[in-house]
Amino acid sequence: MTSKDNIKSKKSEALDVFRRGLIRENPVFRLVLGMCSSLAVSSTLIGSLSMGIAVLIVLVMSNIIISLLRNVISDSIRIPAYITVIAGFVSVVEMLLQAFSTEIYDLLGIYLPLIVVNCIILGRAEGFANKNPVGMAALDGLGMGFGYIIAMVSIAFIRELLGFGSLFGIPIIPEEYHILLFSMPAGGFIVVGIMMAVSNKIAEKLGKPKAGLKEDACGGCPVAAHCQALRSNDLLAEGSEEAN
Amino acid sequence: MSQQNKQLVFPVIILMVICFVTALALAFTNELTKEPIATAIAEQELIAMQEALPDATKFETVTEHEMEFVKGLDETDEIVGYIFQNSHAGYGGDITVNLGVDTDGIITGVTPLELNETPGIGMQVGEPEFLEKFVGKQDNISLVTSDPAENEIEGIAGATVSVEAFIKSVNDGLDDYKEIDLNNDE
């Protein structure tokens, strides 16, 4: 291959790493990651957008650091190392928000510190950042982060419109027609479930596999070796000692 | 150092370094944000107190007669009222209410501080339509289902637990005022 071809293929590889997270391997609808926050904060558009941006920032930064340290962090300390780095970034974001934007801080509430155990971040650290160079890891973080924002905003669009009759706080539907269910967690489950069914249908038509827990995505989860969900998806290798 | 020892020691050192650097970053951010955070919290408290006692311009937290409460003062440092904080268990946790009364014991405003009730139902106790019902009342308040009299408040359908907890907190505040008033006359 000429060096020009080399550069071209590297560029398209990089672009693909970024584009993946947006739709094709969307963390919420395709990789089934970050479900708890997607149900909790997605009842309003402003909540989803704020959470999405916070997750994006933490995801990109932790991907970068973990990729930079990938050759020094040995297997035995990898989980505590990742969690320390991620928790550090989340705490910094938390303090900055509390100091400079009390509104968003109050809005996110307890879900802000919960970003630490958001499996998207651990999952990408384990499944991508620790095996790839910094540039790619950053792009993966950006793609997955934006994909997360896209997913959250689409869920919130439906939930806020039907549940509160507003968009971004601007009232649109009169109160008599509000369906309270959608502003509550049960409604969140229903909306996410339906959207996932739709995305599975589209995937089927395009000949792609159904949404599912992927081994590389769950690898970052500390209990992956014992996870029933992974087992039922045949994603646990026979007699695997991966957790150690 | 033997190969085995190296394998044991090296990861530990790396982990220590990671923790140390993280701690440094956190300490730095903390220094940076300490003041703005304190200011933001003080501002929020001020707004809540202002809502409870609109005529006051300054607020003083005092502990008198074995109670902690807030005195509201105007520009001439005259006492215009008091704010008492009380809580009761609601449906989704404690409901904490700031009760503002003027020097005659008439309610000037109520602000909920902690409110984790069901959205659309119990949370209605935090809405202005409910809160303004309390303004102007004086003696202990009771809950009724319709046609509220002078010292009664009409409840909210389906939110009885939240409303009762709210009213209990308000009444506690009114009792606090009576304590102060009693002691002031002595």
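Residues numbered from 1 in each chain as written. Chains lettered and ligands numbered in written order. Predicted model: local features only at pLDDT ≥ 70, side-chain atom pairs only at ≥ 80, totals over all residues.

Looking only at helices and strands, chain A features ten helices and two strands. In chain A, the order of α-helices and β-strands from amino to carboxyl end is α-α-α-α-α-α-α-β-β-α-α-α. Burial statistics for chain A: of 244 residues in total, 39% are counted as buried. A fraction of 72% describes how many contacts in chain A between residues 6 or more apart in sequence connect residues 24 or more apart. (Helix = DSSP H or I, 4+ residues; strand = E, 2+ residues; numbered from the N terminus. Buried ≥ 20, exposed ≤ 12 C-beta atoms within 10 Å, placed from the backbone. Contact = placed C-beta atoms within 7 Å.)

Turning to the environment of B:D102, a few remarks are in order. All names here are of chain B. Relative to the helices and strands, D102 resides in strand β4 (residues 94–102). For D102 and E66, which are 36 residues apart along the polypeptide, the C-alpha to C-alpha distance reads 20 Å. Leave out the neighbours within four places in its chain, and D102 touches V80, G81 and T108.

All names here are of chain B. Spatial strand order, β1-β2-β3-β4-β5: five strands in an open sheet with antiparallel pairing. A single partner strand is all that each edge strand has here, and the edge strands are β1 (58–64) and β5 (107–114). This sheet shows a mean twist of 25° between the axes of neighbouring strands, independent of strand direction. Two strands pair when backbone bridges link them, and β1 and strand β2 (residues 67–73) are joined in this way by seven bridges, in the antiparallel orientation. Following the sheet pairing, K58 is matched in β2 by L73. (Pairing = 2+ DSSP bridges. Axes fitted to C-alpha atoms, helices over the stretch in contact; angles between N-to-C directions.)

The next point concerns unusual backbone geometry. Trans peptide bonds make up most of the peptide bonds, and negative phi angles are found at most residues other than glycine. The residue A:V32 is not glycine, and still its phi comes out positive at about 50°. Positionally, A:V32 belongs in the loop between α1 (3–20) and α2 (35–40). If you check the backbone angles, B:D77 has positive phi at about 65° while not being a glycine.

As a further point, take helix α6 (residues 119–127) of chain A. Among the nine residues in α6(A), nine count as buried, and that is most of the element. Here α6(A) has its buried residues at A:C119, A:I120, A:I121, A:L122, A:G123, A:R124, A:A125, A:E126 and A:G127.

Turning next to the confidence of the model for chain A. Residue and element names in this part refer to chain A. Summing up the model confidence of chain A, the mean pLDDT is 82 and the portion of residues at 70 or higher is 86%. Within chain A, helix α9 (residues 215–218) has the poorest average pLDDT of any element, 53, and helix α7 (residues 134–163) the best, 92. Across residues 238–244 the pLDDT falls below 50, and counting only partners more than four positions away or on other chains, this stretch makes four contacts in the model. (pLDDT = per-residue confidence, 0-100.)

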